[in-house]
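This is what each chain is made of:
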Amino acid sequence: MIDEAIDIYRKLVLIRRSEEAIRRWYGQDEMKTPMHMSMGEEAIPVGVCAALASTDQVMGTYRTHALYLAKTDDVDGFFAELYGRASSPLRGKCGSMHLSAPEHGMMGCSAIVASAVPVSTGLAFANRYQANGKLVAVFFGDGAVEGGVFWESLNFACLRQLPILLVCEDNGLAVHTLPETRHGYDSITQLVAGYRCDTWETDSTDAVVVRDLARRAIGRIREGKRPGFLRCRYYRYLEHVGINTDFDAGYRTEEGYREWLARDPVDLRRRLLLEQGVPEERLCRIEAVETERVRQAVEKAKAAEFCNQSALYEGVFAGA
Amino acid sequence: MIDEAIDIYRKLVLIRRSEEAIRRWYGQDEMKTPMHMSMGEEAIPVGVCAALASTDQVMGTYRTHALYLAKTDDVDGFFAELYGRASSPLRGKCGSMHLSAPEHGMMGCSAIVASAVPVSTGLAFANRYQANGKLVAVFFGDGAVEGGVFWESLNFACLRQLPILLVCEDNGLAVHTLPETRHGYDSITQLVAGYRCDTWETDSTDAVVVRDLARRAIGRIREGKRPGFLRCRYYRYLEHVGINTDFDAGYRTEEGYREWLARDPVDLRRRLLLEQGVPEERLCRIEAVETERVRQAVEKAKAAEFCNQSALYEGVFAGA
Amino acid sequence: MRKITFCEALNEALVEEMERDPSVFIYGIGVPDHKKIFGSTNHLLEKFGPDRCLDTPISEDAMTGVGLGAAINGLRPIHVHIRVDFLLLAMNQLANMASSCRYGFGGRRGAPLVIRAIVGRGWGQGFQHSKSMHAVMAHIPGLKVVLPTTPRDAKGLLIAAIRDDDPVLFFEHRWLYWQEAEVPEGSFVEPLGKGRILRKGSDLTIVATSWMNVEAVHAASILERRGVSIEIVDPRCLVPLDQAIIVESVKKTGRCLVADNDWVYCGFSAEVAALVSDACFGMLKGPVKRIGFAQTPCPTVRHLENAFYPNAETIVRTIERMLDLPEMDLSGERFFSHENRFKGPF
Amino acid sequence: MRKITFCEALNEALVEEMERDPSVFIYGIGVPDHKKIFGSTNHLLEKFGPDRCLDTPISEDAMTGVGLGAAINGLRPIHVHIRVDFLLLAMNQLANMASSCRYGFGGRRGAPLVIRAIVGRGWGQGFQHSKSMHAVMAHIPGLKVVLPTTPRDAKGLLIAAIRDDDPVLFFEHRWLYWQEAEVPEGSFVEPLGKGRILRKGSDLTIVATSWMNVEAVHAASILERRGVSIEIVDPRCLVPLDQAIIVESVKKTGRCLVADNDWVYCGFSAEVAALVSDACFGMLKGPVKRIGFAQTPCPTVRHLENAFYPNAETIVRTIERMLDLPEMDLSGERFFSHENRFKGPF
Ligand SMILES: Cc1ncc(C[n+]2csc(CCOP(=O)(O)OP(=O)(O)O)c2C)c(N)n1
Ligand SMILES: Cc1ncc(C[n+]2csc(CCOP(=O)(O)OP(=O)(O)O)c2C)c(N)n1
Ligand SMILES: [Mg+2]
Ligand SMILES: [Mg+2]
């Protein structure tokens, strides 16, 4: 139990340190890929992935650093791809927006809003067809529910009662646009509840709370044999894309940030573990280990080769 | 009051006679256009159009004979286009599936399911922009709600509180497919009610009942300044496309038909008018007049010329 | 050898592949209903059950994504569209997702997805039910594009498409469904990326797609009577394209007409003309010519529809001009018409 | 004359047209936010208010239909997409609806709709944020297609597009936004359907689109130093296309290279090559050549991205081969790079 909670903390640290490294090194212009940072949302993918089996599958969006690391724990692959090196299995073709690692159940990310939702529905369709017991969790922003394909996919998943968890990472922003400029309804969760599925909501920033809720949701998916929809609120710490804050841009205030920062997912979990009696040295050790993993991953990535120019033409079709 | 109800009956007769003429003459192979027949649904467009002002606007689907005639009363234009003659302002380019008459507020029909819904939303957007007081009613089948663009459009219409009435002509069929194979929810009206709009339902086959409900809906649109959604159930008498019945095809039974036929929109309205004391001769006169209008329209259409071959290239762009 | 129709050939391919490989399933609007997509999906529901032969909501965008996801997870979905035009609703999943799926996995995983789409024509299908779109798909790297003409190719190419490990768009012209010809029984593959010489000749090469091959064969037999020898190349696949078979034929004949079942402008006919003009530079006796749809939306009324579509007569007239021959009398000629078999509705 | 950037020119066109005609409005995702679509929608919210400058949900399909409906009812909507790729979500409304709108009204009504879409490139945009799609749109009858290159044309063509009575797709390459040049103040129109000679020359014609014109100008100046005289034709509009300006130029030079900012296969470069090879048959000194994107999805890492895109060097090397010249030493040459001004994120 407590070990699980500690491992959740470890993941949170890994993700935060990784993104801190991105902020530190991005200015060197070696990571030539648009960064949509996860800072602030870590509890959601970490919590949900903790509730998933390692063989379960996920898909995400362009804002996917936390999800990738939560699902794969593969910080070397992560930085290898951000630096575009041949040591990444994706060979630099994907960058930050299209991370994937199918061997870890990380089935890909799309930079077209909402477009991974139907694909994930298809993954779930196949898992049911193959009766392999695997579950799919697809992560998307609150903007994705504006795409018609979200509703088409939800309808099909509920019609066919597929084993899928739809995770709405709701930061109340689509780039800089607030929900009141985008939504002709009051509650997304209520709308979804009109379909044959179960819905859940939280605005906790504690990954353990998210995990427990995800477990309940997943339990229902497996027993109730119907999809689940989980809406998690969070605050996006940084600008939409890029490594900076943008509280001066006018569309939101720094106060909101401060409120959420007071229950920052990483700090909060640390505090709670200490309260539960975990010795601080144990946490410090974890922090040191993850920091070092990140440091080495960056170092390895920087030192790695680029793939040959001919790689451009490889992988368009099978065997070519 | 009674005059209005009688004019509604006249429209029903016009539509029914027109489609009977289609059934009679289609075998001659002169109307070379796929016919999606309205038989059974007449009360819906007739009722709704009776609640609209003549300057209000409508759009429909490929199943649009009833709507076209209800809105325009232009039986000559109708048959001219079905016969593809130069006397039709559409010049034969459109046929049964793409009827329009903007001068009557009949703004077009699309044979791509759901695709007229956003366009109608745009018509409503323009009407509000121009503050011309016009209302838009868009007609679509129960299949259209499966298209993501329906939900995108509904969201936008409710977000911007546009003057639009969404009319779902629900025959419980998409071609030959039943709702249980298509819908992952229990009630479409309840789903829509989650948006900032008003919803209404009926399964009446009496065009006057539909009109009265549409009037209430339209009243709310104008006063409440928010969109309305009206779901009307009906039974499709004929096959999906074509002039025949298909009760032997296996996907539905003739019983369902018999039940609905007992309250056929045309017969029912006639019966009710007689009950209300309208003399039968008056109705017979109307029937004779409309029958004759249809006969003449067919005759004129058959006698009319085709446009020049060069018309193929005309009307792709303005002034060309 | 026994003769069957193009439609029966498609159906055989589906039955045999679904028997062979349990990971193959078929779906789409109306796929299992009693009309069976003009008969091409006959027996599938009965033989393989509703889990492998399924109807869907009218949600082309999502259902394409569903096929993509299922394919990524190891199934071999066949998605059927009764009209090509409906693919336009799925362009995002096709061009932004499926096409780059393998590339985005660093080549390690792909999507063995087949999309069958029927090209509509006739009885006033009109501008929303008659598109072709093969050039648009071929333009996007990562999508394979197949257009069978003969019943034999319908079967062999569909089997190849199903076994292919990448997304394949498979375009079937509605009028080809009735074409009858010899087709081997049992399983065989026509490899993707190989063209076919439909007719040998020496004076001029016609490169034709889909239904236009039928018109080309007819035109060639008319022209033969006046001593003009036509070679017809059916590329069959646009991606991958068998450039060599086209270029070699034109090098031999010195002349080329491209007859595409699509609009000409920025279409496949432009690609062939560009390719041939380059590869056969200095060997051509005259410029490569192209025919295709009129550059307008497709009208419904018959006489305009007839003017919209090129046919054997258009081909004959174009070739006469290319060869500087006087117009022959075609008044006795019976051109293809579905007037008497292909009535309303579809 | 004062010099302004391409982006400022677009912005001027918008401000002036919205001032002139109250039926013009502009909308799209992020249009009124503080980033102002890279500055191109500056001042619009402030000057014309939220009813005429509006943000939307992420619903490209519906929002395109909304524009179409608004245009049918007499408004002149300008719909903005920060990436061309998002148009793929709206293909049904574009190709099945807007394109046939006027035709379907029997010519009596149309849809004066402008769709601005930005071609992304650089800093690892990758395969979902870098498409061009002008050839796909040009293939569909009923859509006009415009690709400005110079600041002057950005303004004059955008004004023409807004005043045009039919749907116009307006493609803006992200890198052009910083190009600076003389642009008249006040209202002026560059007519749709007229090409522009960007550079006069006698040895070879380059037909280039969008950003490729910048590369072509650079290549031409390099080649000039070794005595090769290049003429550059910017067609500016793909629909309607100014065929004459292309054909006349090639008739003069006898050689043609098409440099398109898009994939080559079944693209606009094929159309130009087909057209020129036909119209200039017998007058060409060598075959028409084409360059464009590698026929792959666009990768993100820089060295592959550089290999994916052609540039001035590719043009020089191709022309050397066309003219049978030895490769010149380009090591001292500084090719265009946004390395130092165009960093992450976009
Ligand atoms: C279909 C589509 N339209 C527009 C965009 C441009 N865009 C990128 S991210 C974004 C906002 C998405 O908001 P949300 O889904 O809430 O995700 P968040 O960035 O908040 O995580 C938009 C509009 C896109 N990527 N895809
Ligand atoms: C997007 C799209 N997909 C598929 C079709 C083929 N199709 C034509 S009508 C129809 C059924 C539509 O059902 P519904 O909306 O209920 O209308 P009804 O025919 O019952 O009036 C289908 C699937 C189409 N026209 N458009
Ligand atoms: Mg968001
Ligand atoms: Mg229906």
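For clarity, every value in this text was computed on a predicted model and none was experimentally measured. Along every chain, residues carry numbers that run from 1 in the direction the sequence is written. Each chain is given a letter, starting from A, and each ligand a number, starting from 1, according to the order in which they appear as written. Under the rules for a predicted model, residues below a pLDDT of 70 receive no local features and side-chain atom pairs below 80 are neither given nor counted, while totals for whole chains, interfaces and linings still include all residues. As a convention, hydrogens and water are excluded, and side-chain values are obtained from all of the structure's heavy atoms.

1. Regarding the packing of aromatic side chains
Stacked, tilted and edge-to-face pairs are distinguished by plane angle, under 30 degrees for stacked and over 60 for edge-to-face with tilted covering the rest, among Phe, Tyr and Trp rings (Trp via its six-membered ring) whose centres lie within 6.5 Å. Scanning the entire structure with this criterion turns up 51 aromatic pairs over all chains. On the basis of an interplanar angle of 35 degrees and a centroid distance of 6.4 Å, the ring pair of A:F125 and A:F156 is categorised as tilted. One end of the pair, A:F125, is in helix α5 (residues 116-129); the other, A:F156, is in helix α6 (residues 148-160), and 31 residues separate them in sequence. A residue is classified by how much of its surface remains accessible, and A:F125, at 7% relative accessible area, is buried. Here the guanidinium or amino end of B:R263 rests over the ring plane of B:W260, the centre of that ring lying 4.3 Å away. Numbering of helices and strands runs from the N terminus, with a helix taken as a DSSP run of H or I at least four residues long and a strand as a DSSP run of E at least two residues long. Relative accessibility decides the category of a residue: with a 1.4 Å probe and only protein chains considered, values under 20% of the type maximum give buried, values over 50% give exposed, and everything between is partly exposed. Working rule: Lys NZ or Arg CZ, within 6 Å of ring centre, within 35 degrees of ring normal, means a charge sits over the ring.

2. Brief notes about the domain arrangement of chain C
Residue and element names in this part refer to chain C. What fixes the domain bounds is an automatic or database domain assignment. Per the domain assignment, the segments of chain C are domain 1 (2-183) and domain 2 (196-341). The centre of domain 1, based on its C-alpha atoms, is set 26 Å off from the matching centre of domain 2. Between two residues, a contact is recorded if the distance between any of their heavy atoms is within 4.5 Å. Opposite the 32 residues of domain 1 that make contact, domain 2 presents 31 residues. Summed over both partners, the accessible area (1.4 Å probe) lost when two parts come together is defined as the buried area. Buried area between domain 1 and domain 2, both sides added, is near 2700 Å², and the carbon and sulfur share of it is 59%. Every case where a carboxyl oxygen of Asp or Glu lies within 4 Å of a side-chain nitrogen of Lys or Arg is listed as a salt bridge. Put simply, domain 1 and domain 2 have two salt bridges between them. In this structure, the salt-bridge partner of R236 is D153, at a minimum N-O distance of 2.7 Å. Identification of polar contacts relies on pairs of N or O atoms within 3.5 Å, with a donor-acceptor requirement for protein atoms, meaning one able to donate a hydrogen and the other able to accept it, and with residues adjacent in sequence counted only if both atoms are side-chain atoms. Taken together, the links from domain 1 to domain 2 amount to eleven residue pairs in polar contact (both at pLDDT 80 or more).

3. Description of the pairing of strand β14 (residues 289-293) of chain C
All names here are of chain C. Strands qualify as paired when DSSP identifies two bridges or more between them. Of the strand pairs in this sheet, strand β13 (residues 256-263) and β14 are connected by four bridges, and their pairing is parallel. The residue bridging L257 from the neighbouring strand is K289, located in β14. When the strands point away from the viewer and the connection leading from the first strand across the helix to the second strand turns clockwise, the crossover is called right-handed. Handedness of the crossover is the feature at issue here: the chain leaves β13, passes through helix α10 (residues 268-279), returns alongside β14, and the resulting connection is right-handed.

4. Brief notes about the relation of the copies chain C and chain D
Least-squares superposition of the copies uses the C-alpha atoms of those residues scoring a pLDDT of at least 70 in each of them. Expressed as a screw transformation, the operator carrying chain C onto chain D has a rotation angle of 180 degrees and an axial translation of 0.0 Å, and the superposed copies differ by an RMSD of 0.0 Å. Within this description, the copies of the chain are treated as partners about a two-fold rotation axis. The residues that chain C uses at the interface reappear at the interface of chain D in 100% of cases, marking a shared surface.

5. What about the coordination of the magnesium ion (ligand 4)?
Residue and element names in this part refer to chain B. Coordinating N, O and S atoms are those within 2.8 Å of the metal (3.2 Å for Na, K and Ca), and as water is not part of the atoms, a site may appear to have fewer donors than expected. D142 (OD), N171 (OD1) and L173 (O) make up the full set of protein donors to the magnesium ion (ligand 4), lying at 2.1 Å. The sequence pattern formed by the donor residues of the magnesium ion (ligand 4) is D-x28-N-x1-L. With a gap of 31 residues between them, D142 in the loop between β3 (136-141) and α6 (148-160) and L173 in the loop between β4 (164-170) and α7 (188-193) connect regions that are remote in the sequence. The two residues D142 and L173 agree in class, both being buried.

6. Observations concerning the relation of the copies chain A and chain B
Superposing the two chain copies requires a rotation about an axis and a translation along that axis. Take chain A, turn it by 180 degrees, move it 0.0 Å along the axis, and it overlays chain B with an RMSD of 0.0 Å. Here 100% of the contact residues of chain A are again contact residues in chain B; the copies associate through an equivalent surface.

7. Observations concerning the site of ligand 2
Being near a molecule or strand, for a residue, means having at least one of its heavy atoms within 4 Å of it. Lining the immediate environment of ligand 2, one finds 19 residues, of which B:Y62, B:R63, B:D142, B:N171 and C:E60 sit closest. Note that an oxygen atom of ligand 2 is positioned 2.8 Å from one of the side-chain N or O atoms of B:D142. Within the backbone of B:A144, an N or O atom sits 3.4 Å from an oxygen atom of ligand 2. The method behind every accessible area is Shrake-Rupley, applied with a 1.4 Å probe, and residues are considered shielded solely by the protein chains displayed. Within the complex, the protein chains bury 94% of what would otherwise be the 580 Å² of accessible surface of ligand 2. Residue classes in the shell around ligand 2 are distributed as twelve nonpolar, four polar and three charged. Just so you know the grouping, Ala, Val, Leu, Ile, Met, Phe, Trp, Tyr, Cys and Pro go in nonpolar, Asp, Glu, Lys and Arg go in charged, and all remaining residues, Gly too, go in polar.

8. A word on the site of ligand 1
Taken together, 19 residues sit near ligand 1, with A:Y62, A:R63, A:D142, A:N171 and D:E60 positioned nearest. Contacts to ligand 1 include A:A111, whose backbone N or O atom sits 2.8 Å from a nitrogen atom. In the environment of ligand 1, an oxygen atom lies 3.4 Å from a nitrogen or oxygen atom belonging to the backbone of A:A144. Relative to its unbound accessible surface of 580 Å², ligand 1 loses 94% to contact with the protein. Tallied by class, residues from the shell around ligand 1 come to twelve nonpolar, four polar and three charged.

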